[in-house]
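# Reading the structure
One letter stands for each residue in the lines below.
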There are 2 protein chains.
Amino acid sequence: MVVEHEDDLAGLDAYWRAANYLSVGQIYLLDNPLLREPLAPEHIKPRLLGHWGTTPGLNFCYAHLNRVIRRRDLNMIYVMGPGHGGPAAVANAWLEGTYSEVYREVTWDEEGMRRLFRRFSFPGGIPSHVAPETPGSIHEGGELGYSLAHAFGAVLDNPDLVVACVVGDGEAETGPLAASWHSNKFLDPVGDGAVLPILHLNGYKIANPTVLARIGEEELLKQLEGFGYRPLVVSGSDPEVMHRRMASVLDEALEEIARIQREAREGGVGGRPVWPMVVLRSPKGWTGPVEVDGLAVEGTWRSHQVPLAGVRSDPEHLRLLEGWMRSYGPEGLFDAQGAPVEGLRVLAPRGGRRMSANPHANGGLLLRPLALPDFRDYAVEFEGHGVRSSEATRVLGGFLRDVVRANPDRFRIVGPDETASNRLSAVYEATDKVWRGRLEPGDEHLGPRGRVMEVLSEHLCQGWLEGYLLTGRHGLFDCYEAFVHIVDSMFNQHAKWLKVTRGLEWRAPIASLNYLLSSHVWRQDHNGFTHQDPGFLDVVLNKPAELVRVYLPPDANTLLSVADHCLRSRDYVNVVVAGKQPALDYLPMDEAVAHCTRGIGIWEWAGTDGGVEPDVVLACAGDVPTLETLAAVDLLRCHFPELRVRVVNVVDLMRLLPAGEHPHGLPEAEYEALFTTRRPVIFAFHGYPWLVHRLTYRRRGHENLHVRGFKERGTTTTPFDMVMLNDLDRFHLVIDVIDRVPGLAERAAHVRQRMVDERLWARAYTREFGEDPGSVREWVWPY
Amino acid sequence: MVVEHEDDLAGLDAYWRAANYLSVGQIYLLDNPLLREPLAPEHIKPRLLGHWGTTPGLNFCYAHLNRVIRRRDLNMIYVMGPGHGGPAAVANAWLEGTYSEVYREVTWDEEGMRRLFRRFSFPGGIPSHVAPETPGSIHEGGELGYSLAHAFGAVLDNPDLVVACVVGDGEAETGPLAASWHSNKFLDPVGDGAVLPILHLNGYKIANPTVLARIGEEELLKQLEGFGYRPLVVSGSDPEVMHRRMASVLDEALEEIARIQREAREGGVGGRPVWPMVVLRSPKGWTGPVEVDGLAVEGTWRSHQVPLAGVRSDPEHLRLLEGWMRSYGPEGLFDAQGAPVEGLRVLAPRGGRRMSANPHANGGLLLRPLALPDFRDYAVEFEGHGVRSSEATRVLGGFLRDVVRANPDRFRIVGPDETASNRLSAVYEATDKVWRGRLEPGDEHLGPRGRVMEVLSEHLCQGWLEGYLLTGRHGLFDCYEAFVHIVDSMFNQHAKWLKVTRGLEWRAPIASLNYLLSSHVWRQDHNGFTHQDPGFLDVVLNKPAELVRVYLPPDANTLLSVADHCLRSRDYVNVVVAGKQPALDYLPMDEAVAHCTRGIGIWEWAGTDGGVEPDVVLACAGDVPTLETLAAVDLLRCHFPELRVRVVNVVDLMRLLPAGEHPHGLPEAEYEALFTTRRPVIFAFHGYPWLVHRLTYRRRGHENLHVRGFKERGTTTTPFDMVMLNDLDRFHLVIDVIDRVPGLAERAAHVRQRMVDERLWARAYTREFGEDPGSVREWVWPY
């Protein structure tokens, strides 16, 4: 163990005090940043916003981490689970000089300090939380729960990186965080870096004690050991004692990490290491007001936000604030110009070693494009429109296998135990699933270095992938369609992050977050109603148009084209919905590429309009709706050979939006050229039908649009029974045409009745024999 | 420890074999249920669907739990985390006779068994998962993660109930489940019942080993002890050994539970007990085919679904299946009629003690209405429309306090550490927050018996409340609006559950799931962009109209009226969005009740249309949009005294839907009477604007509707800056009116410019001084 010089710790304490001073200043001060004159009400912000409680603990860790970074020349970034402690991140970035480099107007002097204070949580300024605007951050921490998953995602394939991750004891109560402790079973000490979790027990959430702070220490340590860590405890409130202990514990932890990595890297793969972690028990609102208005504040939940709320109007509060700020001794921390004194400056790491300036926290800087094989080489053999069948995701698996091969250091696939079920198994020809648990005879494709990460937690999948992307790499999340809702809120937060980064010049674009949703609503033959929910698309489309893309490729070749496009894109969230069951191949590769490039188009080979204005438009989006639509056209062709039917297929859902609302939106004239303005349009849609209305309600002719889709009728049943339950089946589409094409209903009552009868018969057959009738099961497009 | 007679265990083994036989039969057989003739392809279902892997373990537990139920006369229900093991629940319900009581056509004989097999996972039959259709179930287990939270929710305020909860080792990887272990910190051994978790390690998920099955036993036990349990291990594969061990462990666990409860109930409140739990390690697909086509099946992931897939076409598979089924010895298990033999019948508990017939699993049967004080008594004093201000949720808190007082045994409030923040603190005058952790000086309102449950996990809040409601009690989930997205998927699953139960006569209606969303998008002054997301409404409205209700009461009195209505309702999901910040009181209580009863209405006192057709309609939904709308009307009144402006306020969002699509939908004529068919309608909406379009696109005059709402522009800023950022502010609404009322733009260019200037000025003021200008901050409705 390294023995610390008391001098070093005194410097470290000064650094901590400086950060605390700057944090308090951000919350309170409009002016007089260095307290050069007595604090007066006019120096105080009119609205006091922010969170003090967690901040001194975050600053404490930061100062100590700086010490070990310098001492060991560590490549380290800092993930702040309690992201509402935004003042800490901002204070440290300013102390390190990074803030002034990024935001030049916030200079490294008194005026800069004033601007820094003023802009914090101020209209037109910066948010109160750690945010994309905060240099050094890959984690917002507004919605708690994802810090540890982000940290682990960041160190994957970054063998030299250490992520110090503060987990608040409030956050520790969330489900995603509780699951994240097990990320250590997926970490490779050879190819990956290390995470140093710091469980910060400051005892309180907003208004309640925390669970982990109020169980016995023995129980807590057992729990953490049971997660596979070696916890090192730092507990107390006396700064001197705490500094000494923290320094010693961090030395021990970093030494241990180095030893684990050295042994694994020199000695080859061993068992799963027991990684160290820190348990830091310190008072909430540490070093803040002990008591306000007769109530205890430091060490209680009352310090969560702004401990002194009445500073502008209450002279006693003002006096307390001034005393509090002066207790940090600003005169010894900042020089005459207002910059940190030399003694502090030397305590910060240099250049890119500063946690606020480490390029891993601005991952786009490190982004190298994927090496992508030509997706056309994976095209299915084509014998004609709708002649042969393929399993689209299985075909994609071949492409992904070679993406994995070509990018051994920058591409991962995550999935909640569904990668094989989603039929991407070809990737296992090239790689394993990451597994650091015990191996047993009969295990297949498990190994420490795999590119596929499978854990039965959508939260972990998403969190790991986000951490991986935010640090400049690429990936794909494949998921059952219904259960991607589990990460609705994580998607929301990531989309918000992307939105803000787009306005920040200094943040380099990162790879898009790509979802492949398979095992979708229409093919849950084993699982039924709980597994039937296409509503993620609705959630996604609530986010700004410039960020989100939704693709519904109808077959294998279009899926390949779409996947290639998504893997090349930046700063988007791409959602691809694709089937895994055998389905017809509609397009040869050249047509698939052209169709996907347009995103929407008339399938002339499928329609009967012969290039003139049709009597009716049958539109479709999604593999199953496309099949039913083409089958309906076939029925129409038989029964109404004179009817001019146009088939429009939609791959890129955003094309439906007006051009003014989305970069992919179709100009009015093009939309009307496809759909007409006066003919009935029967739209067979993969998801909830009103989504199509929401996208098109401003279009001319919208009143002629009739959408069929999932209307929440489902169970464990056959594929055709599913479409019948939701009136999306071919017979019903024909009925829709008959009912909507003027004049048809009158002369075609017998056909309509026949369609009704076909449905009854199909349903009866299915109920009797437990399978779909051959006529719908084995139906093949005959062109 | 009770020593078991070998005879008893032999009987128990027979019971287990019977359940296993019936489970396999469900997956495979169309006919020949008792194998009275050699198995032939025509006896086999054409599509083999279902999940065998987890089923024998579930049956094993069931048989053993029956033994302890009989022995101790336990009041017990069974929550199956691995709900895809549906055959187990169905098999046991049939064995106990319950299935035939509920579904009379599925008789307790050979023909009934044939019907039982045939209906499983068969079109028109029952789902493959444990589902609402399954007697004895309160838990679907399709989307994994919620079993333990449901179990804990069920035993709250049910001191005599024990819930045996099987947690699969796949499910144990999910975030919600990982957090759920800590539910024991919120359980009161006096007033609540007990949960017996059974962690079932069968080693594999769909295609991968599980984390908890592959860590060392010592590490696993430490983890569980660290969660505060005493784990008792049952491990192996030899049925005889396993029966003896399981019987002994269950005796020990139930004895321990009884002791804990006795001591707590007789001796008064003590510390937090260390509850027992079971760790059951048994092979996946136990007793199924050991090897198929040369590959190991029993004890591997290959037994997850249907171990023999080719039975109908492959004679070897058929032979294996017949051998497998005969290995259970059906001839000794079922009598000549096909009913369970007497020796099995006596092993099932009697009547309501059968887990499949326990009324707690059909909670509506036990539901007693809430005793509700008259909400009118909590009305705010009224001095005129928009004269005084109240904090709506704080007013509601007073009502809820008395609901708590009047219903000490059947009403709970759950919240993720936000009940005080959401200003419902009045409830603490009547009750505590449940807390079984260590108490420290300064703690407030913490106690073992509180009616409020606060934990920083939306998943736990939702899971507990669902369990509580499903067992026949009442409750409220109060949550920050943005973070209720965390439970999108849980909401989805609960809505699906409710939808199905509505078609089941034998399921009695339960209390509605009530959400109170506060700290909403427009007032995140401390927290900013991560906390700004009103999209839960969109998720909710994807579910069937007959299940969901969304209310946006604009003030305190309307909130009281809506809350009363929701607490009385059954089988719905009610979402109430309400503000916590001071906001104007618009309606006296009598008008509030009338307005909420209509759900939508013209506010004549606010408009200037004087009862004739207006020039423009200003509609609003939500507290902040209502304020901005009324302020806009005030501006219009000044600048265009001749303009006839109608104000329509919407409380019940469902009123916007056509009458044919929702029970609350307004008939066409009424809608048109409110909104007109030809006048511009400027709609200020709380959430994403397109939601209003989605609800109204079929209405006549929809083309005149212009909706303002949240368009994903936010940060930490002032309230008025937020509405300006999203063009929802009063000045912008006036601009919208000017731009849309024919002829107005021409003659009112100067007013329009003035509105633009007002916005620029307000923004500049806010940017300069950090607060909203007084003119908007202190604006008071002058009527």
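Going by an unreviewed UniProt entry, chain A carries the name Probable phosphoketolase and comes from Nocardiopsis alba. Per UniProt, chain A carries the Sequence similarities (unreviewed entry) text "Belongs to the XFP family." In its Cofactor (unreviewed entry) section, UniProt records this for chain A: "thiamine diphosphate".

### Some details on the sheet that holds strand E4 (residues 229–235) of chain A
Residue and element names in this part refer to chain A. One open sheet accounts for 5 strands, arranged E1-E2-E3-E5-E4; its pairing is parallel. Edge positions in the sheet fall to strand E1 (75–80) and E4, since each has one partner strand and no second. Averaged over all neighbouring strand pairs, the angle between strand axes comes to 20°, with direction disregarded. Examined bridge by bridge, strand E3 (residues 194–201) and strand E5 (residues 275–281) share 4 bridges and lie parallel to one another.

### What to know about the environment of B:Ala179
Relative to the elements of secondary structure, B:Ala179 occurs in helix H7 (residues 175–180). By relative accessible area, B:Ala179 is classed as buried at 1%. Spatially, the C-alpha atom of B:Ala179 lies 45 Å from that of B:Val648, the residues being 469 residues apart in sequence. In this structure B:Ala179 touches A:Glu173, A:Thr174, A:Gly175, A:Ala178, B:Ser457 and B:Leu460, once residues within four positions along its chain are discounted.

### Topic: unusual backbone geometry
Of note in the backbone geometry, A:Leu35 takes a positive phi value of approximately 55° without being a glycine. With respect to the helices and strands, A:Leu35 occurs in the loop between helix H1 (6–28) and helix H2 (55–72). Among the residues examined, A:Leu35 registers a relative accessible area of 4% and is labelled buried. Although it is not a glycine, B:Asn32 sits at a positive phi angle of roughly 60°. Given a relative accessible area of 5%, B:Asn32 falls into the buried group.

### What about the confidence of the model for chain A?
The pLDDT averaged across chain A works out to 95; a share of 98% of its residues lies at or above 70. This prediction of the complex comes with two scores: 0.97 for pTM and 0.97 for ipTM.

### Here we look at the pairing of strand E5 (residues 275–281) of chain B
Residue and element names in this part refer to chain B. Burial runs high along E5: 7 of the 7 residues are buried. Neither face of E5 is open: one carries Trp275, Met277, Val279 and Arg281, the other Pro276, Val278 and Leu280, and all of them are buried. Sheet analysis places strand E4 (residues 229–235) next to E5, joined by 7 bridges and oriented parallel. Opposite leucine 232, over in E5, you have valine 278 as the bridge partner.

### Re the interface of chain A and chain B
Listed by partner, the interface residues are 123 residues for chain A and 124 residues for chain B. Summing both partners gives a buried area of about 9900 Å² for chain A against chain B, and 53% of it is carried by carbon and sulfur. Across the pair B:Lys543 and A:Glu712 runs a salt bridge whose closest N-O atoms are separated by 3.1 Å. Taken together, the connections running from chain A to chain B amount to 70 residue pairs in polar contact (both at pLDDT 80 or more). Sort the elements by how many residues they give to the side of chain A that touches chain B and helix H15 (residues 488–501) of chain A lands first, with 7 residues. When its residues are assigned to classes, the side of chain A that touches chain B shows 43 nonpolar, 41 polar and 39 charged.

### Side note on the pattern of salt bridges
Inspection of the entire model under this criterion finds 126 salt bridges over all chains. A salt bridge links A:Glu444 to B:Arg302, with the nearest nitrogen and oxygen atoms 2.9 Å apart. With A:Glu444 in the loop between strand E10 (433–434) and strand E11 (446–447) and B:Arg302 in the loop between strand E7 (295–296) and helix H10 (315–326), this pair bridges two chains. Since its relative accessible area comes to 35%, A:Glu444 is described here as partly exposed. Residue class for B:Arg302 comes out partly exposed when judged on its relative accessible area of 22%. With its nearest N and O atoms 3.1 Å apart, the salt bridge here joins A:Arg767 to A:Asp721. With a gap of 46 residues between them, A:Arg767 in helix H25 (residues 749–769) and A:Asp721 in helix H22 (residues 719–725) connect regions that are remote in the sequence. Using a relative accessible area of 30% as the deciding quantity, one classes A:Arg767 as partly exposed.

### A short note on the packing of helix H19 (residues 623–639) of chain A against helix H23 (residues 730–740) of chain A
Residue and element names in this part refer to chain A. The geometry of H19 relative to H23 is characterised by a closest axis approach of 8 Å and an angle of 60° between their N-to-C directions. In terms of their interaxial angle, H19 and H23 are classed as oblique. Viewed along their axes, H19 and H23 form a crossing whose handedness is right-handed. In this structure, H19 contributes Leu627, Glu628, Thr629, Ala631, Ala632, Leu635 and Leu636 to the contact, and H23 contributes Arg730, Phe731, Leu733, Val734 and Val737. Its residues assigned to classes, the contact of H19 with H23 comprises 9 nonpolar, 1 polar and 2 charged.

The rules we used
- Residues numbered from 1 in each chain as written.
- Chains lettered and ligands numbered in written order.
- Predicted model: local features only at pLDDT ≥ 70, side-chain atom pairs only at ≥ 80, totals over all residues.
- Heavy atoms only, no water.
- UniProt positions renumbered as here; feature names shortened; annotations may be inferred.
- Pairing = 2+ DSSP bridges.
- Helix = DSSP H or I, 4+ residues; strand = E, 2+ residues; numbered from the N terminus.
- Axes fitted to C-alpha atoms, helices over the stretch in contact; angles between N-to-C directions.
- Buried < 20%, exposed > 50% of the residue type's maximum accessible area, 1.4 Å probe, protein only.
- Contact = heavy atoms within 4.5 Å.
- pLDDT = per-residue confidence, 0-100.
- Buried area = accessible area lost by both parts, 1.4 Å probe.
- Salt bridge = Lys/Arg side-chain N within 4 Å of Asp/Glu carboxyl O.
- Polar contact = N/O pair within 3.5 Å; in protein donor to acceptor, adjacent residues only side chain to side chain.
- Nonpolar A, V, L, I, M, F, W, Y, C, P; charged D, E, K, R; others polar.
- Parallel < 35°, antiparallel > 145°, perpendicular 65-115°, else oblique.
- Left-handed = near helix turned anticlockwise from the far one by under 90°.

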